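Below are the chains, spelled out letter by letter.
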Amino acid sequence: MSFLVNMVVSILVFGVVIVIHEFGHFIVAKKSGIKVNEFSIGMGPKIAGVKKGETDYSVRALPIGGYVAMEGEDEESDCEGSFSKAPVQNRIAVVVAGAVMNLVLGFCILLFMVSKQDAITSRTVSKFHENAMTQQTGLRVDDEIVAVNGRRCYIANDIIYEFARTQDGIIDFTVRRDGKTVELNDVTFETYENEDGIKQLVLDFYVYPAEKTPVSVIREAANWTVSYARMIFLTLIDMVTGHVAINQMSGPVGIVSVISEATSVGWQPVLNILALITINLGIFNLVPFPALDGGRLVFLIIEFLRGKPINPKYEIWVNTAGMLVLLAFMAFVTFSDITRLIGF
């Protein structure tokens, strides 16, 4: 029974994220006068559908995606309402709309979650453990942590995230102290090794709770959204620099595993994961890589700047190559997920 519940929740999470993304493309295309031939939820064989106006609304057998099929999107079309014939600024708006909707959904979820908290966690130090190493090496009570290792921290979770990326236990802080910005270099933490042999910091200080007001709740939800959006870029940087191994990335299998664990705890962790997935999907889709929305956006921006489109065959070649790379990457990540789950 628990397996069934976990699968249903996982399908709902993926479904909501994908449907809201495709709805962004759909609604902006409609508003721009572009003909939408089909709005599909899921992939594979069609199991149900209805035609309304010029658009087929369908549900397909595999709950692993979805799409909006626009007239003239991937081929030349002289039909009225063709995507390829629409003004370039309209096509740009259609391409970015999916990512924007994912970010809006993430913000709304986080706004709801923050509003349900008893208090907002601040970034201001309230007290230390006895004989705290960080107090001995620079931090003080009432210091507001602004940045860690040169990276701006918008929420308390950003601080924890930066701590997790630090291996040697020595951190540079930027704090706001008595109304002034102060740089604290080489603040030292005690460290320990976890069961996986990874060195972690001993957190030896606490922070104040912040007052909840309508303004502070909206600001905190916006900061969480920015934090989650930035996380994907930090992860990509960590992979390029070797800080995080590529086989530590999670694909659909790994995400389902995480959702299953969250489901056993309660609805709040599930919502948190939903917010993280939808925001990261929005940002990832805008990465300027072929076959992603960001790749198509690059071609449209070039067209806008030069006043005429690039030869469509070149865009097809580039997107096909990008799709092959993405499929190979997803296969690798899925294989890594499976080997972790079965203990290899």
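All values reported here derive from a predicted model rather than from experimental measurement. (Residues numbered from 1 in each chain as written. Predicted model: local features only at pLDDT ≥ 70, side-chain atom pairs only at ≥ 80, totals over all residues. Heavy atoms only, no water.)

Visitor: Any chance you could explain unusual backbone geometry here in plain terms?
Guide: When glycine is set aside, most residues are seen to have a negative phi, and most peptide bonds are trans. Even without glycine at this site, Asn131 takes up a positive phi of about 60 degrees. You can see Asn131 is positioned in the loop between strand S3 (120-128) and helix H3 (133-136). Since its relative accessible area comes to 59%, Asn131 is described here as exposed. Although it is not a glycine, Asn149 adopts a positive phi angle of roughly 50 degrees. (Helix = DSSP H or I, 4+ residues; strand = E, 2+ residues; numbered from the N terminus. Buried < 20%, exposed > 50% of the residue type's maximum accessible area, 1.4 Å probe, protein only.)

Visitor: Would you mind showing me how to read the nonpolar core here?
Guide: When a protein is soluble and globular, its nonpolar side chains tend to lie buried together. Among the nonpolar cores identified, the biggest contains 24 residues, and Val13, Ile109, Leu110, Trp224 and Tyr228 are the most heavily contacted of them. Breaking this core down by element, the ones donating at least two residues are helix H1 (2-31), helix H2 (88-116), helix H5 (214-241) and helix H7 (267-285). By size, the runner-up hydrophobic cluster in this structure holds 17 residues, among which are Val125, Val148, Phe173 and Leu201. (Core = buried A, V, L, I, M, F, W, Y, C linked by side-chain atoms within 4.5 Å.)

Visitor: Teacher, can you tell me more about the packing of aromatic side chains here?
Guide: Note on aromatic pairs: each is described by the distance of the centres and the angle between the planes. Counting across every chain of the model gives 10 aromatic pairs. Here Trp224 and Tyr228 contribute two aromatic rings whose centre-to-centre distance is 5.4 Å and whose plane-to-plane angle is 80 degrees, an arrangement assigned as edge-to-face. Remark: Tyr228 and Trp224 occur in helix H5; sequence separation between them is 4 residues, near one turn of the helix. The burial state of Trp224 is the same as that of Tyr228; both residues are buried. Put simply, the rings of Phe128, Phe163, Phe173, Phe189 and Phe205 touch in pairs and so form one group of aromatic residues. One residue, Lys127, lies across the ring of Tyr206, its end atom 5.2 Å from the ring centre. (Phe/Tyr/Trp six-rings, centres within 6.5 Å; stacked < 30°, edge-to-face > 60°. Lys NZ or Arg CZ within 6 Å of the ring centre and 35° of its normal.)

Visitor: Help me understand the side chain of His25 in this model?
Guide: Mapping His25 onto the fold places it in helix H1. The class for His25 is buried, based on a relative accessible area of 8%. Side-chain polar atoms of His25 contact the side chain of Asp293, separated by 3.3 Å. (Polar contact = N/O pair within 3.5 Å; in protein donor to acceptor, adjacent residues only side chain to side chain.)

Purely spatial values, then, with no claim about function.
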